[in-house]
Amino acid sequence: MTVYFIGAGPGAPDLITVRGLKLIQRCPVCLYAGSLVPEAIVVEAPETALVKDTAPMHLDEIIEDIRIAHENGHDVARVHSGDPSIYGAIAEQMRRLKVLGIDYEVVPGVPAFAAAAAAIGAELTVPGIAQTIILTRTAMKSSSMPEGESLDILGRSGATLAIHLSIRNIPQIERELTPHYGADCPVVVAYRVGWPDQAFIHGTLSTIRQKVRAEKITRTALILVGPAMAAQEFEDSKLYDSEFSHVLRIGAKGEVGPEATEV
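Everything numeric in this text was worked out from a predicted model, so none of it was measured.

**Quick look at the packing of aromatic side chains**
Evaluation of the coordinates by the stated rule reveals one aromatic pair. In this structure, Arg192 is placed above the aromatic ring of Trp195, and the distance from its NZ or CZ to the ring centre is 4.3 Å.

Next comes the structure, spelled out in structure tokens:
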């Protein structure tokens, strides 16, 4: 018996991985985070499967259901939204399963920040503009942030920021990031990415607060910040440069340098 922590993707049923879907289709037990995972995904479970929404349940109740499945020899599809390695709350579940001696595996999924970038046609790592993506959040009632991970500190990097679970902290985001990125830095708020009612609000650090307030968005949104979000003037990458050589191609100049060992 194995518990499979499955990343279902951001919302669209066809963005789940083939592996994740096949596991849902065969597992006798399916426990899913119903507040973020659409029913269209778990409807693929077998007709005889126990399908249960864990949104109203606490950790002990979830683990108890898994323990019972273990006693019965039933594999469990534990379905989370996005990719379970990012704010998936799977670490605490896996810790409990280790104590109980229950096997588990993690099946990755499409993370919300990647789906958001795809939906708006943006590359988050633009040559000469940004080559680093930082996934973070701000302190809310649920949990605090570790020392050294404040927006003020992370913002000094100038990297593209994907800020999760923080739509209610827009004023703080503006206040802490403006000194590092400037008031006119592009910001995109992605609401319910992959769902039928998905929406994207484009603005800057100085305007996004008013735009979000006007749309009355208070949850289920990702905030992307950084100059890469609206970059137009930048150099082409060397990857497809006709004069650049790498392990799969000799450039027009016929030179093979140290860079040729990587693509």
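**Structural notes on unusual backbone geometry**
Its identity is not glycine, yet Tyr87 carries a phi of approximately 50 degrees, on the positive side. Relative to the helices and strands, Tyr87 is located in the loop between strand 4 (76-80) and helix 4 (91-100). Judged by relative accessible area, Tyr87 falls into the partly exposed class, the value being 41%.

**Observations concerning the pattern of salt bridges**
What the rule picks out here adds up to eight salt bridges. For Arg26, the salt bridge is made with Asp75, and the minimal N-O distance between the two is 2.9 Å. In this pair, Arg26 sits in helix 1 (residues 18-26) while Asp75 sits in the loop between helix 3 (59-71) and strand 4, placing the two residues 49 residues apart along the sequence. Since its relative accessible area comes to 16%, Asp75 is described here as buried. Through salt bridges that share partners, Glu64, Arg67 and Glu71 make up one connected network.

**Points about helix 1**
What helix 1 keeps buried is the set Gly20, Leu23 and Ile24. All buried residues of helix 1 lie within an arc of 100 degrees about the axis, which places them on one face of the element. More than 90 degrees from the buried face of helix 1, the exposed residues found are Val18, Arg19 and Lys22. Looking at the buried positions of helix 1, the neighbouring elements they touch are strand 1 (2-7), helix 2 (39-42), strand 4 and strand 5 (103-107).

**Quick look at the sheet that holds strand 5**
Strand order in the open sheet made by the five strands is 3-2-4-1-5, with parallel pairing throughout. The open sheet has two edge strands with one neighbour each: strand 3 (50-53) and strand 5. Mean inter-strand twist for the sheet, computed between neighbouring axes without regard to direction, equals 15 degrees. Relative to strand 4, strand 1 runs parallel, the two sharing five bridges.

**Some thoughts on helix 3**
Along its 13 residues, helix 3 runs 18 Å from first to last C-alpha, staying within 8% of the 18 Å computed at 1.5 Å per residue. Taken together, the buried positions of helix 3 are occupied by Ile62, Ile63, Asp65, Ile66 and Ala69. For helix 3, the angular spread of the buried residues around the axis is 155 degrees, confining them to a single face. Buried residues in helix 3 make contact with strand 1, strand 2 (29-32), strand 3, strand 4 and helix 4. Positive phi appears at Gly73, one or two residues downstream of helix 3, with a value of about 75 degrees.

**Examining the domain arrangement of the protein chain**
Under the domain assignment used here, the protein chain contains domain 1 (3-107) and domain 2 (112-230). A straight line from the C-alpha centre of domain 1 to that of domain 2 covers 28 Å. In this complex, domain 1 contributes eight residues to the contact, which on the side of domain 2 involves 12 residues. The junction of domain 1 with domain 2 conceals about 810 Å² of combined surface from both sides, 71% of it contributed by carbon and sulfur atoms. Contact with domain 2 buries surface across domain 1, with Pro10, Ile86 and Tyr87 losing the most and accounting together for 61% of the total. The tally of links between domain 1 and domain 2 comes to zero salt bridges. Where domain 1 packs against domain 2, one counts four residue pairs in polar contact (both at pLDDT 80 or more). Per-class residue counts for the side of domain 1 that touches domain 2 are seven nonpolar, one polar and no charged.

The rules we used
Residues numbered from 1 in each chain as written. Predicted model: local features only at pLDDT ≥ 70, side-chain atom pairs only at ≥ 80, totals over all residues. Heavy atoms only, no water. Phe/Tyr/Trp six-rings, centres within 6.5 Å; stacked < 30°, edge-to-face > 60°. Lys NZ or Arg CZ within 6 Å of the ring centre and 35° of its normal. Helix = DSSP H or I, 4+ residues; strand = E, 2+ residues; numbered from the N terminus. Buried < 20%, exposed > 50% of the residue type's maximum accessible area, 1.4 Å probe, protein only. Salt bridge = Lys/Arg side-chain N within 4 Å of Asp/Glu carboxyl O. Arc of directions from axis to C-beta. Contact = heavy atoms within 4.5 Å. Pairing = 2+ DSSP bridges. Axes fitted to C-alpha atoms, helices over the stretch in contact; angles between N-to-C directions. Expected span 1.5 Å × (residues − 1). Domains from an automatic or database assignment. Buried area = accessible area lost by both parts, 1.4 Å probe. Polar contact = N/O pair within 3.5 Å; in protein donor to acceptor, adjacent residues only side chain to side chain. Nonpolar A, V, L, I, M, F, W, Y, C, P; charged D, E, K, R; others polar.

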